[in-house]
Amino acid sequence: AQSVTQLGSHVSVSEGALVLLRCNYSSSVPPYLFWYVQYPNQGLQLLLKYTSAATLVKGINGFEAEFKKSETSFHLTKPSAHMSDAAEYFCAVKRGQAGTALIFGKGTTLSVSS
Amino acid sequence: EPEVTQTPSHQVTQMGQEVILRCVPISNHLYFYWYRQILGQKVEFLVSFYNNEISEKSEIFDDQFSVERPDGSNFTLKIRSTKLEDSAMYFCASTQDRDHEQYFGPGTRLTVT
């Protein structure tokens, strides 16, 4: 069965610092992986997705993620944090090849200080 | 930009009552979903709906839950007899096809007292 594990429920960085949010997946089939962001009182917004094309995926707002099969990882990075990046971030994997639903990780809250 | 909308934003109900949560998916989308997020926990898949029938459901989606697309625009989740543990944020999502990303609504916060 597919699953994702997000390491670190809370990450704090200074403005301008590197952002690294960790996600490891477990999948019995080639995975479809996603990162979503949730701002306070809003729905989930897609940041980026991996669907077996390029292993380095670029998303919105300067975020990117690298799919590493050998490490079963899909970590999210951004070179320079902005205050506006403070939010909750969710890693997700598609439920199965035949299905379309998403299995989410527990989420990581990113705090950015000035 | 088209978006998924959900009503109400907050619903308070007493245990044992029926509730209906409403969603309007993006108009040209074909797959519809309900997820829930209990406070402090992960977002959990409940059910997906395609071609006027349930296509997938999780173990959470038991006989107390039902979904319906009563007309061409709305997608509803009904909980027949609410329990305290049904208190959560419920998200609706939709997608154009199985390989596209899902677009999420802002959620309905359900509080069961």
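Data block above holds the structure.
We now turn to the structure provided with this report.

1. Some words on the overall build of chain A
Scanning chain A for helices and strands turns up zero helices and 11 strands. Listing the helices and strands of chain A from first to last along the sequence gives β-β-β-β-β-β-β-β-β-β-β. Against the globule reference of 13 Å for 114 residues, chain A gives a C-alpha radius of gyration of 13 Å, in line with a compact fold. Here the C-alpha coordinates of chain A stretch approximately 45 × 30 × 20 Å along the principal axes. With 114 residues in all, chain A has 46% of them scored as buried. Expressed as a percentage of contacts within chain A between residues at least 6 apart in sequence, the contacts between residues at least 24 apart total 56%. Carbon and sulfur atoms provide 51% of the accessible area of chain A, an area that totals close to 5,300 Å². Looking at charge distribution, chain A has the averaged site of its 9 positive side-chain charges lying 11 Å from that of its 6 negative ones.

2. Looking at the pairing of strand S7 (residues 64-68) of chain A
Across a regular strand the side chains alternate sides, sitting on one face of the sheet and then on the other. Residue and element names in this part refer to chain A. Because side chains alternate across S7, one face comprises the buried residues Ala 65 and Phe 67, and the other comprises Glu 64, Glu 66 and Lys 68, none of which is buried. As defined by bridge partners, strand S6 (residues 56-58) adjoins S7 across three bridges and the pair is classed as antiparallel. Of the residues in S7, the one forming a bridge with Val 57 is Ala 65. Pairing of S7 with strand S8 (residues 73-78) involves five bridges; the strand directions are antiparallel. By the bridge assignment, Lys 68 is partnered in S8 with Ser 73. Counting the residues in the hairpin turn of S7 and S8 gives four residues, including Thr 72, whose phi is positive at 45°.

3. Side note on the packing of aromatic side chains
Scanning the entire structure with this criterion turns up 18 aromatic pairs over all chains. Relative to Phe 104 of chain A, the ring of Phe 90 of chain A has its centre 6.2 Å away and its plane inclined at 90°; by these criteria the two rings are edge-to-face. With Phe 90 of chain A in strand S9 (residues 87-94) and Phe 104 of chain A in strand S10 (residues 102-104), this residue pair connects regions lying 14 residues apart in the sequence. Accessibility assignment for this pair places Phe 90 of chain A and Phe 104 of chain A in one class, buried. An aromatic cluster is built from Phe 34, Tyr 36, Phe 90 and Phe 104 of chain A together with Tyr 33, Tyr 35, Phe 45 and Phe 104 of chain B, whose rings are joined through pairwise contacts. Seen from the ring of Tyr 32 of chain A, Lys 94 of chain A lies directly overhead, with NZ or CZ sitting 4.5 Å from the centre.

4. Brief notes about unusual backbone geometry
For the peptide bond that leads from Thr 7 of chain B to Pro 8 of chain B, omega is -10°, which places it in the cis range. Mapped onto the secondary structure, Pro 8 of chain B falls in the loop between strand S1 (5-7) and strand S2 (10-13). For Asn 61 of chain A, which is not a glycine, the phi torsion comes out positive at approximately 60°. Checked against the element boundaries, Asn 61 of chain A lands in the loop between S6 and S7. Even without being a glycine, Asn 52 of chain B presents a positive backbone phi close to 65°. Relative to the helices and strands, Asn 52 of chain B resides in the loop between strand S5 (43-50) and strand S6 (53-57).

Conventions used here
Residues numbered from 1 in each chain as written. Chains lettered and ligands numbered in written order. Predicted model: local features only at pLDDT ≥ 70, side-chain atom pairs only at ≥ 80, totals over all residues. Heavy atoms only, no water. Helix = DSSP H or I, 4+ residues; strand = E, 2+ residues; numbered from the N terminus. Rg over C-alpha atoms; globule rule 2.2 N^0.38 Å. Buried < 20%, exposed > 50% of the residue type's maximum accessible area, 1.4 Å probe, protein only. Contact = heavy atoms within 4.5 Å. Areas by Shrake-Rupley, 256 points an atom, 1.4 Å probe, with all protein chains shown as cover. Lys, Arg positive; Asp, Glu negative; His and termini not counted. Charge placed at Lys NZ, Arg CZ, Asp CG, Glu CD. Pairing = 2+ DSSP bridges. Phe/Tyr/Trp six-rings, centres within 6.5 Å; stacked < 30°, edge-to-face > 60°. Lys NZ or Arg CZ within 6 Å of the ring centre and 35° of its normal.

In short, geometric facts, not functional conclusions.
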